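Descriptive structure summary
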Amino acid sequence: MNRIDRLFGILTLLQSAKYITAEKIAQRFDMSIRTVYRDVKALGEQGIPISFEHNKGYFLVQGYFLPPVSFNTDEANALLLVESLVNGFADHSIRSHYSTALTKVKAVLKTAQKEKLESLNQHIKLQIPERLTFNYTYLSLIQHAISEKNLIELEYKNVQEVASKRCVEPIGLIFYAFSWHMIAWCHFRNQYRDFNLTRILCLKNLETPFSKKDHMPLSDYMSMLPVNF
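This section reports on the structure supplied with the text. (Residues numbered from 1 in each chain as written. Predicted model: local features only at pLDDT ≥ 70, side-chain atom pairs only at ≥ 80, totals over all residues. Heavy atoms only, no water.)

1. A word on the overall build of the protein
Note the following rule: Numbering of helices and strands starts at the N terminus; helices are DSSP runs of H or I of at least 4 residues and strands are runs of E of at least 2. Burial classes follow relative accessibility: with a 1.4 Å probe on protein chains only, a residue under 20% of its type's maximum area counts as buried, one over 50% as exposed, and anything between as partly exposed. Contacts: residue pairs with any heavy atoms within 4.5 Å of one another. Working definition of accessibility: Shrake-Rupley area with a 1.4 Å probe, residue cover restricted to the visible protein chains. Residues counted as positive are Lys and Arg, residues counted as negative are Asp and Glu, and His and the chain ends are not counted. Charge positions are represented by NZ for Lys, CZ for Arg, CG for Asp and CD for Glu.
For the protein, the helix and strand inventory stands at eight helices and seven strands. If you line up the protein on its principal axes, its C-alpha atoms span 65 × 50 × 35 Å. For the protein, the proportion of its 229 residues judged to be buried stands at 35%. Contacts in the protein between residues far apart in sequence, at least 24 positions, make up 60% of those at least 6 positions apart. Accessible surface computed for the protein: about 14,600 Å², of which carbon and sulfur atoms make up 53%. Where the 27 positive side-chain charges of the protein centre and where its 22 negative ones centre are 1 Å apart.

2. Topic: the nonpolar core
Put simply, the rule is: Each nonpolar core is a collection of buried residues, namely Ala, Val, Leu, Ile, Met, Phe, Trp, Tyr and Cys, held together in the definition by side-chain atoms within 4.5 Å.
Membership of the largest hydrophobic core comes to 25 residues, with the highest contact counts inside it found for Ile142, Ile152, Leu154, Val168, Met182, Phe195 and Leu197. The biggest single contributor to this core is helix α5 (residues 92-107), with four residues. If we ignore the near neighbours within four places in the chain, the residues touching Met182 are Ile142, Ile152, Leu154, Val168, Pro170, Gly172, Leu173, Arg193, Asp194, Phe195 and Leu197. Grouped together as the second largest cluster of nonpolar side chains are 18 residues, Leu13, Ala26, Met31 and Ile48 included.

3. Comments concerning the environment of Leu7
The residue Leu7 is located in helix α1 (residues 3-16) in this model. In this structure Leu7 comes out as buried when scored by relative accessible area, which is 14%. Leu7 sits 32 residues away from Asp39 along the chain, and the two C-alpha atoms are 6.5 Å apart. When residues no more than four places from it in sequence are discounted, the contact partners of Leu7 are Asp39 and Leu43.

4. Brief notes about the packing of helix α4 (residues 73-89) against helix α6 (residues 111-121)
Convention followed: Note on method: axes are straight lines fitted to C-alpha atoms, helices fitted across the in-contact stretch only, with angles between N-to-C directions ranging 0 to 180 degrees. Left-handed describes a crossing whose near helix is turned anticlockwise from the far helix by less than a right angle; the clockwise case is right-handed. Note that Gly is not counted as nonpolar here; it falls among the polar residues with everything else outside the nonpolar set of Ala, Val, Leu, Ile, Met, Phe, Trp, Tyr, Cys and Pro and the charged set of Asp, Glu, Lys and Arg.
At their nearest, the axes of α4 and α6 sit 10 Å apart, and the two run at 35° to each other. In this structure, α4 meets α6 at a crossing whose hand is right-handed. Residues Thr73, Ala76, Asn77, Leu80 and Glu83 of α4 form the contact with α6, whose participating residues are Gln113, Leu117, Leu120 and Asn121. Of the residues contributing to the contact of α4 with α6, the split by class is four nonpolar, four polar and one charged.

As structure tokens, this is what we get:
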């Protein structure tokens, strides 16, 4: 990667999150911390308002926006391939959002790139077993509740086909054993529970903040899963 592409990549990375550490930039672009410092300084000299906060990292000063992003053919092809995976392993809500996002991506492509992308689309197929067709619409709502730390109310049917109502604090989503699972602190059981999304009968974001102050990292819960797939 030449320096111009790297500088633009760093700028794009900075816009993708509130804070980005020098270590993360170095890892992303396979370079030394010293080179990160030089590149950030170079961006600042070009008028890019980059600031730094101790123990958090670099950030773009609020109000600065990049012009519309352009994509090369390989990047667009990768997004097209991911669309097949989204259609196979996500629910209706995520499929809809991804389709809208991909349409925006296609809008900034050159005409020749669009033609190649449409042609390639005819040569990518994903065959998924019927039991892996997720017809619910919960993933997007759960993602929102996780990011906003909002309580969720749900009606859930267990393996014995017994339904119950729960109020939970979702801490994450895990895809394992060929299904999506919501991991959440259950107020009824007073412990973390694993809710298979295929067994959720209805779900509602209460728009109410979590009452539990500290939650375990999702990675810690993953280490306790009964299967490794």
